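Analysis of the macromolecular model
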Amino acid sequence: MGQTGHLDSIEDGFVRGWALGEHAESPATVEITVDGAVVATVACSQFRPDLVKAGKGTGWHGFSYWLPEKYARGQRTLTVRFADTGRILHGGPQVLPDFTFRILSSSAIASSVLGNGLWCMEKLDFSESEVAIAGWCIPPRTMPAPISFTHNGNSLLDLVRIRRDDIAALMGLNSDEIGLGFRARGPLSTSCKRHDFTFAHAYSKRPFDTNQTIHY
């Protein structure tokens with residue numbers, strides 16, 4: 001297929017897009033540059049169901065990145081390119097819009113909600129015998145607590161933590177030091193009609209915040 005990708009949008013300082021390298025089995029790596037200087041190097045490993053529908057790889061080729069506050073103002077030019085070849089993704093370069101408001105609002109939100117932790121399920125898959133989820137999570141007060149995810153009270157297995165610097169920037173953290181992204185899976189009974197998911201402490205199995213239980 002060769003290298004291909006697209007810079008989809010820059011909204012409130014949030015850069016989104018996707019990229020496929022020479023081999024779709026492994027994530028491509030892109031560089032985000034502002035006025036020619038490299039701001040970040042990002043692995044394109046986020047799941048995008050629209051890519052699956054379009055027949056582009058496995059779907060795990062998306063990327064997102066929150067630009068640092070110092071780029072909030074000023075007419076600057078952003079480009080996303082493949083890290084190994086320098087090939088620029090379609091849709092760029094683009095001129096950065098002002099996103100001062102996002103910096104102010106996200107700081108206020110983060111200070112009020114992270115006391116009990118926070119999580120978001122970005123993907124949910126069912127098969128005849130298995131349930132699988134993926135998304136991001138922040139333990140209470142951003143402490144590196146042992147975490148788990150439960151389905152109807154049972155801990156999901158094969159938990160994988162994934163680096164998500166975009167989420168760290170959204171919550172005003174310097175970088176992702178604990179693996180804010182996750183994937184997890186577990187067995188599923190075919191007779192099960194109700195599905196409750198919680199973000200919990202790995203040892204006590206108690207949800208960090210029962211109000212964040214997801215019912216499906």
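Owing to the predicted nature of the structure, the values given are computational and were not obtained by experimental measurement.

According to the stated counting rule, one finds ten salt bridges in the structure shown. The residue Asp166 makes a salt bridge to Arg164 at a minimum N-O spacing of 2.9 Å. Taken as a pair, Asp166 and Arg164 share a single burial class, namely buried. Members of the salt-bridge network, linked through shared partners, are Asp8, Arg48 and Asp50.

Another aspect to go through is empty space enclosed by the protein. With the rule as written, the count across this model stands at one cavity of 30 Å³ or more. Looking at the largest cavity, its volume works out to about 30 Å³. Residue lining of the largest cavity: Trp119, Thr198, Phe199, Phe208, Asp209, Gln212 and Thr213, and that is the complete set.

Below, the discussion takes up the packing of aromatic side chains. Centre distance and the angle of the planes are the two values used to describe a pair of aromatic rings. In this structure the tally under the stated criterion is eight aromatic pairs. Geometrically, the ring pair formed by Phe47 and Trp60 is tilted, given 5.1 Å between the ring centres and 55° between the ring planes. With Phe47 in strand 5 (residues 46–47) and Trp60 in strand 6 (residues 60–66), this residue pair connects regions lying 13 residues apart in the sequence. Since its relative accessible area comes to 25%, Phe47 is described here as partly exposed. On the basis of relative accessible area, Trp60 is assigned to the partly exposed category, the value being 25%. Here the aromatic rings of Trp119 and Phe182 are separated by 6.3 Å at their centres, their planes lie at 40°, and the arrangement is tilted. Linking Trp119 in strand 9 (residues 118–126) with Phe182 in strand 14 (residues 181–187), this pair joins segments that are 63 residues apart in sequence. Taken individually, Trp119 and Phe182 each receive the classification buried, so the pair is uniform in this respect. Three or more aromatic residues joined by ring pairs make a cluster, and in this case those are Trp119, Phe149, Phe182, Phe199 and Phe208.

Calculation criteria
- Residues numbered from 1 in each chain as written.
- Predicted model: local features only at pLDDT ≥ 70, side-chain atom pairs only at ≥ 80, totals over all residues.
- Heavy atoms only, no water.
- Salt bridge = Lys/Arg side-chain N within 4 Å of Asp/Glu carboxyl O.
- Buried < 20%, exposed > 50% of the residue type's maximum accessible area, 1.4 Å probe, protein only.
- 1 Å grid on protein atoms, 1.4 Å probe; cavity = no way out; pocket = protein on both sides within 12 Å on 5 of 7 lines; lining within 4 Å.
- Points joined across faces, edges and corners; volume = space filled by probe spheres on them.
- Phe/Tyr/Trp six-rings, centres within 6.5 Å; stacked < 30°, edge-to-face > 60°.
- Helix = DSSP H or I, 4+ residues; strand = E, 2+ residues; numbered from the N terminus.

In short, geometric facts, not functional conclusions.
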